[in-house]
Amino acid sequence: MDRIHIRGGHVLKGRLPISGAKNAALTLLPCALLTDEPVTLRNLPRLADVDSFGHLLNQLGVSTMIEGARPEDFGRVMTLRAGRVTSTEAPYDIVRKMRASILVLGPLLARAGEATVSLPGGCAIGNRPIDLHLKALEAFGAVIEIAAGYVRASAPDGGLPGGTFTFPVVSVGATENAIMAAVLASGTCILHNAAREPEIVDLCNLLVAMGADIEGIGSDRITIHGKDRLHGATYSVMPDRIEAGSYACAAAITGGELELVGANAGDMQAILEALRETGVEVSASKTGIKIASNGKLRPLSLSTAPFPAFPTDMQAQFMAMLTLADGASVLTETIFENRYMHVPELARMGADISVNGRTAVVRGVERLTGAPVMATDLRASMSLILAGLAAEGETQVNRVYHLDRGYERLEEKLSAVGADIERVSDG
Ligand code: UD1
């Protein structure tokens, strides 16, 4: 199994390219199921999750072709074609490895009139039920049955009649599934209290390019007038705001200066505002965002919440950064109930953090020291990388497969801007 070794204490400086967004890619890919024509996605990040999603789609009858990717390029172009859907089942073995597989439910139901998807179960950061995905589809006229660990959704002949659903809690994935199911409905589907994350805007923009009729894009009230069919399209995946935010924290924690090339400040207001509050300089550059820090960080009070507020996917990275702030910070996690798994690992590096329920108090320390650490999820692993970049001595981050799910060639990007970081393979 691979590990990442970091010798900390190097100031990061330079230009760092931002890849296509993982979470956008994972909802754009299943859109290929909605048409028999080719869908070409550009700027698709090279990530384990994207590969896994491609394999799942292959099993459903979608052909995937990667064009002219040179090893040195970031991102790639993939053309997907679902001439015929040959299977409507997403099996347990795939879904348990990648929760986002649930995102084939809506498009399969829309295109084939039925879908059978394994229930994903819990994961390291919380229970993560899918009840809202199912309730939204039911509201649009789907029949839902659950048996033997699988959910089977079916639509009446002629497609989903349509309907209205109000989300009791904002859910990114359920909003995505509902929109993808609705674009081929026979009637109109309306969502209230829909998620407004930029990845959902990206999804809607692709669907509109494929011929869908969607009103209220980017708002919490989305109206979809179903179409008989959609056509192919070529579309570029949006830049990854969480990857960009993570590298912004890398600049901040090392007292460095990074230009995040290709990052979109418009999608990152809450993250950039929080960085400014810590005393980090944030400015627009010609090609992205510039982050500059003198290494002196002020403490913060932060609470995660749905977009446009501060994202839960940045909580662990900010926590790593605030371990070295000048004073005590208070972080509140409102989205997932178990998202402080990185705390004991950061503590092993010398951080002073106490957790009480959903709130964590991070008291800034003088220094962190390198240690062997591991994390149980993607963003938690990134928080350990950030701590390692600033720590004295060597940090070994184990379970690198978490990072490979969401950060395209992390060690290459970081060493190019001055980090002393390498991947070490046991085998
Ligand atoms: C997506 C992102 C993930 C991010 C999260 C919140 C992808 C692939 N993943 O996950 O990186 O951390 O949004 O921004 O895009 N919930 C229910 N019932 C449901 C669905 C959700 O109770 O049917 C709850 C969840 O347990 C959680 C909250 O709603 O407490 C928000 O989850 P949701 O927005 O659905 O997260 P995901 O779409 O799974």
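Residues numbered from 1 in each chain as written. Predicted model: local features only at pLDDT ≥ 70, side-chain atom pairs only at ≥ 80, totals over all residues. Heavy atoms only, no water.

Moving on: the overall build of the chain. Check the secondary structure of the chain and you find 14 helices and 24 strands. Computed over C-alpha atoms, the radius of gyration of the chain comes to 21 Å, within 12% of the 22 Å expected from 2.2 N^0.38 for 427 residues, which places it in the range of a compact globule. Dimensions of the chain, computed from the C-alpha atoms along their principal axes, are close to 65 × 45 × 45 Å. In the chain, which comprises 427 residues, the proportion classed as buried is 56%. Within the chain, contacts between residues at least 6 apart in sequence are counted, and of these 74% link residues at least 24 apart. Per element, the accessible surface of the chain, about 16000 Å² overall, is 49% carbon and sulfur. Positive and negative side-chain charges of the chain, numbering 39 and 48 respectively, have mean locations separated by a distance of 1 Å. (Helix = DSSP H or I, 4+ residues; strand = E, 2+ residues; numbered from the N terminus. Rg over C-alpha atoms; globule rule 2.2 N^0.38 Å. Buried < 20%, exposed > 50% of the residue type's maximum accessible area, 1.4 Å probe, protein only. Contact = heavy atoms within 4.5 Å. Areas by Shrake-Rupley, 256 points an atom, 1.4 Å probe, with all protein chains shown as cover. Lys, Arg positive; Asp, Glu negative; His and termini not counted. Charge placed at Lys NZ, Arg CZ, Asp CG, Glu CD.)

Read across the sheet, four strands follow the order β18-β19-β21-β20 without closing on themselves; strand pairing throughout is mixed. Each edge of the open sheet carries a strand with a single partner, namely β18 (301-303) and β20 (352-356). Neighbour to neighbour, the strand axes of the sheet diverge by 15° on average, direction disregarded. Relative to strand β21 (residues 359-363), β20 runs antiparallel, the two sharing five bridges. Looking at β21, one finds that Asp352 is bridged to Arg363. Sitting on the sheet, helix α10 (residues 315-322) touches β18, β19 (328-332), β20 and β21, and the angle it makes with β19 is about 170°. (Pairing = 2+ DSSP bridges. Axes fitted to C-alpha atoms, helices over the stretch in contact; angles between N-to-C directions.)

Here strand β23 (residues 394-398) shows one buried face, formed by Thr395 and Val397, and one open face, formed by Glu394, Gln396 and Asn398. Both strand β1 (residues 2-7) and β23 contribute to a ladder of four bridges, which runs antiparallel. Considered in β23, the bridge of Ile6 is made with Thr395. Handedness of the strand β22 (residues 372-374)-helix α12 (residues 378-390)-β23 crossover: right-handed. (Right-handed = clockwise from strand over helix to strand, strands pointing away.)

Right, let's get into unusual backbone geometry. The omega torsion across Phe307 and Pro308 is 10°, close enough to zero to call that bond cis. By secondary structure assignment, the location of Pro308 is in the loop between β18 and α10. Not every positive phi belongs to a glycine, and Asn43 is a case in point at roughly 55°. Judged by relative accessible area, which is 30%, Asn43 ranks as partly exposed.

On to the domain arrangement of the chain, then. Once the domains are mapped, the chain shows domain 1 (2-19 + 239-425) and domain 2 (22-236). Relative to domain 2, the C-alpha centre of domain 1 lies at a distance of 30 Å. The partner domain 2 presents 23 residues to the 26 residues of domain 1 that form the contact. Run the count over domain 1 and domain 2 and you get two salt bridges. Between Asp49 and Arg405 there is a salt bridge; the shortest N-O distance is 3.0 Å. (Domains from an automatic or database assignment. Salt bridge = Lys/Arg side-chain N within 4 Å of Asp/Glu carboxyl O.)

Moving on, we come to the site of the ligand. In the region of the ligand, 16 residues are neighbours, and Asp131, Leu132, Ser171, Asp313 and Ile335 sit closest. Contact distances for the ligand include 2.7 Å between a nitrogen atom and a side-chain N or O atom of Asp131. At 2.7 Å from an oxygen atom of the ligand is found a main-chain nitrogen or oxygen belonging to Val172. Its free accessible area being 740 Å², the ligand has 83% of it covered by the protein chains. Listed by contribution, the elements that provide at least two residues to the shell around the ligand are α5 (131-139) and α6 (172-182). Counting residues per element, the shell around the ligand draws most heavily on α5, which supplies three residues. Looking at the shell around the ligand residue by residue, the classes come out as seven nonpolar, five polar and four charged. Two domains each put at least three residues into the shell around the ligand: domain 1 (2-19 + 239-425) and domain 2 (22-236). (Near = heavy atom within 4 Å. Polar contact = N/O pair within 3.5 Å; in protein donor to acceptor, adjacent residues only side chain to side chain. Nonpolar A, V, L, I, M, F, W, Y, C, P; charged D, E, K, R; others polar.)

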